[in-house]
Amino acid sequence: MIYEKCFFIPARSGSKGLVNKNISILNNKMLFEWSFLAANSILGEKDCIIISTNCNIIKNWFYSNCNKFTNVYLRDRPIDLCGDKSSTESALIDSLEYMKLNNNYIENFILLQPTSPFRLDGIISKCLNYFYDNGKKRSVFTGSKHTPFLWKNCGGFFSPIYEIGDRKMRQDIRSEDFYYHEDGNIYVFSADNLLYKNNRLTDECIVVENSFINSIQIDSIEDFNMCVNIAKEERVLSWMNAL
C-alpha cells in the first residue's frame, strides 16, 4: 500500500517537565488522543496514522480502540529511540522502515506533536494546502509571530539582535522584519527529504502563522493548567466535541 499522507504522532513515555504528559487527561481524554482525533477527522482513503510509542498505556488504548481501522498503525518504538536525547527524526525513520517491512510506503508526513492539543481554524488543512501549492518541495510548519525585539545571552549579559537606536512602533514594523518561532504543533514534509537530509526541515521552509491557542505547547504543569481552562471556552470546547 502506498500512503500519500501519514499523520505521525510521537508519544513516548516519560518526560522531565511534566511527568507522563502524553497520557495526562485533558477534557476526558489523554493528551495524545487529541492529536489522533484531529488527524482522524481529515483522514483520506490514501492516508494513514502512525502512533510511535513505548508507553504501555497508549499501546493498550490502541488495541482497545483502533482494531476497527485498517489505516491506523502502532509502532512499538525501540528502547534505544526512547531516550531524552532521541530525536523525533529517528522515530520517523524507524516507523518508515517498519512500514516498508510490511509493504507499506509513505510519501509525505504530517507530524503532530501530542504536546500541542489545539488545532482550531482548519490549521492542518492550511498547512497541507501550502505544502501542495508549492509542489511538496518545501517543508511547512506552524509558527508564532514575534516582534524583532529579541535579545541574546552573551555569557551572562544580554545583547540585542536588533538596532536599539532604530526601535520602531509595532504598527511600523515591516512584515518581513517579524520573527517566527517554531511552535512545534504541525510539520509537513516529504519522506524523501526526511531520508535525504535526516531532517524534517528543508533549507527553505514555509511558515504558517498560528494562533495563540494553537501555539501552546505543554511542557509544565502551568502550561497544562492553562490548557484545562482554555478547553472550557465555548469555541474551543465546540471544536473538541466535534472531533
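Rules behind the numbers
Residues numbered from 1 in each chain as written. Predicted model: local features only at pLDDT ≥ 70, side-chain atom pairs only at ≥ 80, totals over all residues. Heavy atoms only, no water. Helix = DSSP H or I, 4+ residues; strand = E, 2+ residues; numbered from the N terminus. Buried < 20%, exposed > 50% of the residue type's maximum accessible area, 1.4 Å probe, protein only. Salt bridge = Lys/Arg side-chain N within 4 Å of Asp/Glu carboxyl O. Pairing = 2+ DSSP bridges.

### Digging into unusual backbone geometry
Not every positive phi belongs to a glycine, and D121 is a case in point at roughly 60 degrees. Turning to its location among the elements, D121 is positioned in the loop between strand 6 (105–112) and helix 4 (123–133). Not every positive phi belongs to a glycine, and K136 is a case in point at roughly 60 degrees. With respect to the helices and strands, the residue K136 is situated in the loop between helix 4 and strand 7 (140–146). Since its relative accessible area comes to 37%, K136 is described here as partly exposed.

### Some words on the pattern of salt bridges
Applying the stated criterion across every chain yields a total of twelve salt bridges. Salt bridges sharing common partners tie together R174, E176 and D177.

### Quick notes on the pairing of strand 7
Judged by how many residues are buried, strand 7 sits mostly within the fold: five of seven residues are covered. The pairing of strand 7 with strand 10 (residues 179–190) spans six bridges and is antiparallel. Counterpart to S144 in the pairing with strand 10 is H181.

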